[in-house]
Structures are given as structure tokens and as C-alpha cells.
Amino acid sequence: MPEFVWRAAQTDGQLIEGRLDAVAADAVLRHLRERGLTPLKVEDAAASQSATAGANALRMARSRRALRGPVTRADVLVFTSELSIMLRAGLALDNALRVLIEMSAKPSVKTLLEALLEDVKGGAPFSRALNQWRELFGDFYINMVRSGEASGQMSQVLERLVAHMERLRALRDSVISATIYPAILLGVAALSLAGMLGFVVPQFDKLFTNMGDALPLPTRVIMALGHGFKSHGPTLGIAAVVVIWLLLRWWRTPAGRGWWQNRALRVPILGPLLYKYELTLFARSLGTLLGNGVPLLTGLHIATETVGNDNLRAALVKMPPMVKEGARMVRAMEATGVFEPLAINLIRVGEETGRIGPMMTELSEVLDREVETGIKRALTLLEPVLILLLGVLIAAIIVSILLGILSVNDLAG
């Protein structure tokens with residue numbers, strides 16, 4: 001007996017849908033009317049599923065082709081913030097999406113919003129519509145929205161989601177900003193050395209001609225470096241660019257990423273900062289998920305995926321199986337070997353009071369402050385070290401040339 005899917009309206013205007021085995025569609029219509037429902041749609045289940053899948057695949061293909069330019073994290077943050085404001089103001093979800101489409105100036109964002117609106121108008125929950133774009137929004141975002149749908153507090157959940165995304169962006173921006181000045185110093189140092197060796201040192205070539213071994217060793221070394229840089233400078237530059245490009249490509253591979261991650265956490269000063277940064281992502285994500293009603297096991301799985309370091313993630317994935325088997329959260333954290341006593345004690349208090357989520361959020365705030373303080377201390381130490389190193393290298397070149405000049409004067413005298 002074939003199966004039919006149906007949609008009907010109740011006497012109060014609410015729409016309901018379901019499935020029914022019947023000989024024909026007429027039998028389904030009679031059954032619905034006998035229940036006091038107004039039939040709106042009756043279709044063969046197999047044909048409806050095939051047609052829906054085909055339409056969704058075609059629509060998704062068209063939508064992805066239309067996404068000219070990437071939809072960035074900043075775009076998702078702005079979209080979430082504006083949607084939260086509109087829902088809080090009392091707009092229905094579909095109307096809020098329509099307004100966002102009219103406001104959007106970026107074609108890729110507009111195409112994305114149109115695809116989401118089409119799914120929502122078709123009766124799909126917002127979380128299911130977002131699931132079609134999982135690679136963009138991620139499990140964390142989608143599960144937060146799903147919790148908002150279940151609790152009926154979508155605007156509040158989106159507001160918390162915006163706060164979470166803004167805190168992560170601020171933390172990420174602080175880390176990126178911290179690396180800009182050292183990178184500039186290194187660039188200036190490299191250009192200064194290249195200028196000295198490529199242009200300044202060769203100017204003394206005529207002065208030191210035919211002196212041979214009479215020149216001091218430091219002067220001979222600097223002059224040889226200057227000659228080599230002047231003769232093969234372009235080749236060395238191209239070779240350096242190629243080597244850097246190959247290293248970047250290798251670092252993006254699993255082997256390169258694993259090599260870097262194995263050693264990054266062991267680097268003095270930098271290692272502890274990276275370690276706490278990754279734990280901050282985990283703690284903040286888990287605290288936000290638990291605070292919005294996501295089950296602990298689901299939250300652990302999702303929060304673990306936010307950790308970028310494979311070695312640290314391999315330790316954290318031990319937690320969900322232990323909790324599932326009945327172990328306490330604190331015991332699972334201790335088993336990973338990655339949490340400090342402060343973190344374990346905070347979660348022990350949260351477990352005893354039934355407030356694991358708020359304690360995880362508190363832990364993320366503590367780790368966040370430690371990361372920011374560590375970055376400031378590292379910069380305070382790194383900046384004078386780089387300046388001193390650059391000064392020593394340039395001074396060594398100048399002293400070597402002066403020694404050669406003094407040797408010429410001694411020979412002349």
C-alpha cells in the first residue's frame with residue numbers, strides 16, 4: 001500500500017502535516033475531512049521525496065554558483081546581529097530575512113539569505129536551513145539556533161551567539177595585532193641588512209682592492225657577503241620567495257600542520273600562549289552551548305571541534321566517552337592531562353552546584369585575560385630584543401668596514 005504525505009489546516013488556522021498509508025489520494029482526503037481538517041496538499045511520499053531532493057540539489061547548485069565572493073566570518077557576525085535585533089523587535093523570521101535581503105549590499109550574502117528564506121518559506125526550521133551551509137556556519141552555530149528553536153527564545157539565543165562571536169573575534173584580533181609589529185620589525189631588519197650588503201658594502205670595494213689577507217677577517221667576511229649579495233641578490237630573493245611558498249604549502253598539509261603543532265606548544269613564551277588560547281576557545285564554546293540548553297555530550301563534541309591544535313584535540317576527545325559512561329566531568333578533565341588545577345577546581349564547583357556552563361564561561365574569561373597579559377609581556381620582551389639584534393648586526397657591518405679602513409691607513413703609513 002503506497003504512503004502519502006499530507007498537509008492540512010486545523011479549525012484554528014494552524015498547519016499540521018503527516019504521513020498516511022492509503023489505497024489512493026482520495027482516501028487520504030476523506031480521512032482528513034473526517035478529522036475536521038482542511039486538506040492543503042496530498043502527495044505520494046516517494047515522488048514527493050524525490051522531487052524535493054532534486055529541487056533542493058538544483059537550488060543549492062544555483063545558489064553556490066551565485067555566491068560571487070566569499071561570505072566571511074564578519075558577514076556572518078553582522079547578519080546574526082541584525083537578525084537578532086529584528087526578532088527582538090517582534091518581526092517574524094521570514095519577514096526579518098526579507099528585510100535583511102533588501103538591506104544587503106554584498107551579492108554573496110544576499111544569495112545566501114535568499115536561499116535561507118526559501119527554505120524557511122518551505123516549512124523547514126531555521127536550523128535545518130542553516131544545515132545546508134554547514135561548512136560556513138559550523139556545528140556550534142547550528143546547534144545554538146536549534147536550542148533557540150526548542151526553547152522559543154530565538155532572539156535571546158542569537159544575542160548570546162553574537163556576544164560569543166564578538167568575544168572570539170576580539171581574542172583573535174588581539175593575537176593577530178600582536179604579531180603585526182614584530183613582523184614589521186623583522187621586515188625592516190631584513191631590508192636594512194639587504195641595503196647594507198647590497199649597496200653600502202660594495203662601495204668600499206675599490207678601497208680594499210689588492211689588500212688580500214692584509215684585511216682583517218671580519219672585513220673579508222663582510223666584503224664576501226656583499227659581493228655575493230650584489231652578484232646573486234635577485235636569485236637569492238627569488239629562492240627565498242620560493243622556499244617560503246613551499247614551506248607555507250607544506251604547513252597546510254596534515255604532515256606539516258602536525259609537525260608545527262607538535263613543536264609550537266613547546267616553544268618558550270609562545271607555546272603556553274597558544275595552549276591557553278586553544279583552551280579558551282574550548283571553554284567559551286562549551287559554556288555558551290551549555291548555557292543555551294545544549295546537552296553536555298553534544299556540547300563536548302562540538303566544543304572539541306573548535307580547537308585547532310590536533311594534539312590538544314586528541315586529548316579532549318577522551319572526555320565525551322568517559323562522561324557517557326557515567327564519569328564525572330572533573331574526572332574526565334583530569335584524565336586529559338591538559339587542564340590546570342584552577343580549571344579543574346572551577347568545574348568541580350560548577351558540577352557540585354549544577355552550574356557547569358557558567359563555570360566554563362568563567363574559565364574562558366580567566367584564560368582570555370591570561371592570554372592578553374601574556375601577549376603584552378611577550379611584546380614587551382620581543383620588541384627590544386629585535387631592535388637590539390638589528391642594531392648589533394648593522395653595528396657589526398659598520399665595525400668590520402671601519403677595521404678595514406684602519407688597516408688601509410696603517411699600510412699607507
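Small disclaimer: the values here were computed from a predicted structure and weren't measured.

Trainee: Teacher, can you tell me more about the overall build of the protein here?
Mentor: Scanning the protein from terminus to terminus reveals 17 helices and 3 strands. Counting only residues that meet the buried cut, the protein has 37% of its 413 residues in that class. Counting only contacts in the protein whose residues sit at least 6 apart along the sequence, the fraction spanning at least 24 positions is 57%. For the protein, the accessible area works out to roughly 23,200 Å², and carbon and sulfur atoms hold 61% of it.

Trainee: Looking at this structure, I do not really get the environment of S174. What am I missing?
Mentor: Along the polypeptide, S174 turns up in helix α8 (residues 154–200). Between the alpha carbons of S174 and V371 there is a distance of 9.4 Å; along the sequence they are 197 residues apart.

Trainee: Honestly, helix α4 (residues 93–103) in this entry has me stumped. Any pointers?
Mentor: Because the α-helix completes a turn every 3.6 residues, residues three or four places apart line up on one side. Listed as buried for α4 are A96, L97, L100 and I101. Projected down its long axis, α4 carries its buried residues within an arc of 140°, all on one side. In the core, the buried residues of α4 are packed alongside α3 (73–88) and α5 (107–121).

Trainee: I would appreciate a short explanation of a nonpolar patch on the surface in the present structure.
Mentor: Taken together, the side chains of V243, I244, L247, L248, W250, W251, W259, W260, V267 and L270 present a nonpolar region at the surface, about 860 Å² in accessible area. The set of elements that each furnish at least two residues to the nonpolar patch consists of α9 (217–252) and α10 (254–264). For the nonpolar patch, the element with the most residues is α9, which contributes 6 residues. Considering the arrangement of structural elements, one finds L270 in helix α11 (residues 270–291).

Trainee: Just to check I follow, could you spell out the packing of α3 against helix α7 (residues 134–151) for this structure?
Mentor: The axes of two packed helices give the description: the angle between them and the distance between them. Packing of α3 against α7 leaves a shortest axis separation of 11 Å and a crossing angle of 50°. Accordingly, the angle class assigned to the pair α3 and α7 is oblique. The interaxial crossing formed by α3 with α7 has right-handed handedness. Residues V76, F79 and T80 of α3 lie in contact with α7, whose contacting residues are L136, F137 and Y141. Considered class by class, the residues forming the contact of α3 with α7 number 5 nonpolar, 1 polar and no charged.

Trainee: Quick question: what am I supposed to make of the environment of R167 here?
Mentor: Note on placement: R167 falls in helix α8. Judged by relative accessible area, which is 30%, R167 ranks as partly exposed. Distance in space between the C-alpha atoms of R167 and E365 is 9.8 Å, their sequence separation being 198 residues. Those residues in contact with R167 that lie beyond four places of it in its chain are R284 and E365.

Trainee: Is there a simple way to think about the pattern of salt bridges in this case?
Mentor: Any two side chains of opposite charge can pair if their charged atoms end up close together. Applying the stated rule across the entire model yields 9 salt bridges. With a closest N to O distance of 2.6 Å, D75 and K106 form a salt bridge. With a gap of 31 residues between them, D75 in helix α3 and K106 in the loop between α4 and α5 connect regions that are remote in the sequence. With a relative accessible area of 19%, D75 lands in the buried category. Owing to a relative accessible area of 28%, K106 belongs among the partly exposed residues under this scheme. Linked by salt bridges that have partners in common, R284, E365 and D368 make up one network.

Trainee: Would you mind showing me how to read the nonpolar core here?
Mentor: Most often, soluble globular proteins have nonpolar side chains that are buried together. By size, the foremost hydrophobic cluster in this structure holds 37 residues, and its most contacted members are F79, L116, F126, F137 and Y141. Contributions of two or more residues to this core are made by α3, α4, α5, α6 (126–131), α7 and α8. No other element matches α5, which puts 7 residues into this core. Y141 has contacts with V76, F79, T80, L130, L161 and M165, leaving out every residue within four places of it along the chain.

Trainee: Looking at this structure, I do not really get the side chain of T288. What am I missing?
Mentor: Within the secondary structure, T288 sits in helix α11. Looking at T288, its side chain comes within polar contact range of the side chain of H164, at 3.2 Å. The contacts of T288, once residues within four sequence positions are left out, are F140, M144, H164 and T361.

Trainee: I keep staring at the packing of α9 against α10 and nothing clicks. Help me out?
Mentor: Where α9 meets α10, the axes come as close as 4 Å, and the angle between the chain directions of the two elements is 90°. Accordingly, the angle class assigned to the pair α9 and α10 is roughly perpendicular. Residues W250, W251 and R252 of α9 touch α10, and the partners they reach there are P254, A255, G256, R257, W259 and W260.

Criteria and cut-off values
The residue numbering used here restarts from 1 in each chain and proceeds along that chain's sequence as written. With pLDDT at 70 or above as the cut-off, local features in this predicted model cover only qualifying residues; side-chain atom pairs require 80 or more to be listed or tallied, and sums for whole chains, interfaces and linings still use all residues. To obtain the side-chain values, all non-hydrogen atoms of the structure were included, while hydrogens and water were left out. Secondary structure is summarised from DSSP: a helix means a run of H or I of at least four residues, a strand means a run of E of at least two, and numbering begins at the N terminus for each. Burial here depends on accessible area, computed with a 1.4 Å probe over protein chains only, as a share of the maximum for the residue type. Under 20% is buried, over 50% is exposed, and the range in between is partly exposed. Any two residues whose heavy atoms approach within 4.5 Å are treated as being in contact. With residues, only the protein chains shown are counted as cover, and all accessible areas are computed by Shrake-Rupley using a 1.4 Å probe. Here, the arc refers to the directions that run from the helix axis to the C-beta atoms. Patches here: salt-bridge-free residues with over 30% relative accessible area, like charges joined within 9 Å, nonpolar side chains (Val, Leu, Ile, Met, Phe, Trp, Tyr) joined within 5 Å. Any Lys or Arg side-chain nitrogen found within 4 Å of a carboxyl oxygen on Asp or Glu counts as a salt bridge. All axes are obtained by fitting lines to C-alpha atoms, using only the stretch in contact for helices, and the reported angles, taken between N-to-C directions, cover 0 to 180 degrees. Oblique is the label for any angle not under 35 degrees, not over 145, and not in the 65 to 115 range, which are roughly parallel, roughly antiparallel and roughly perpendicular in turn. Helix crossings are classified by the rotation of the near helix relative to the far one: an anticlockwise turn of less than a right angle makes the crossing left-handed, while a clockwise turn makes it right-handed. Only Asp, Glu, Lys and Arg are considered charged, only Ala, Val, Leu, Ile, Met, Phe, Trp, Tyr, Cys and Pro nonpolar, and every remaining residue, Gly among them, polar. Note on terminology: a nonpolar core comprises buried Ala, Val, Leu, Ile, Met, Phe, Trp, Tyr and Cys residues joined through side-chain atoms within 4.5 Å. Counting of polar contacts relies on pairs of N or O atoms within 3.5 Å, with two restrictions inside protein: one atom must be capable of donating a hydrogen and the other of accepting it, and residues adjacent in sequence are counted only when both atoms are side-chain atoms.

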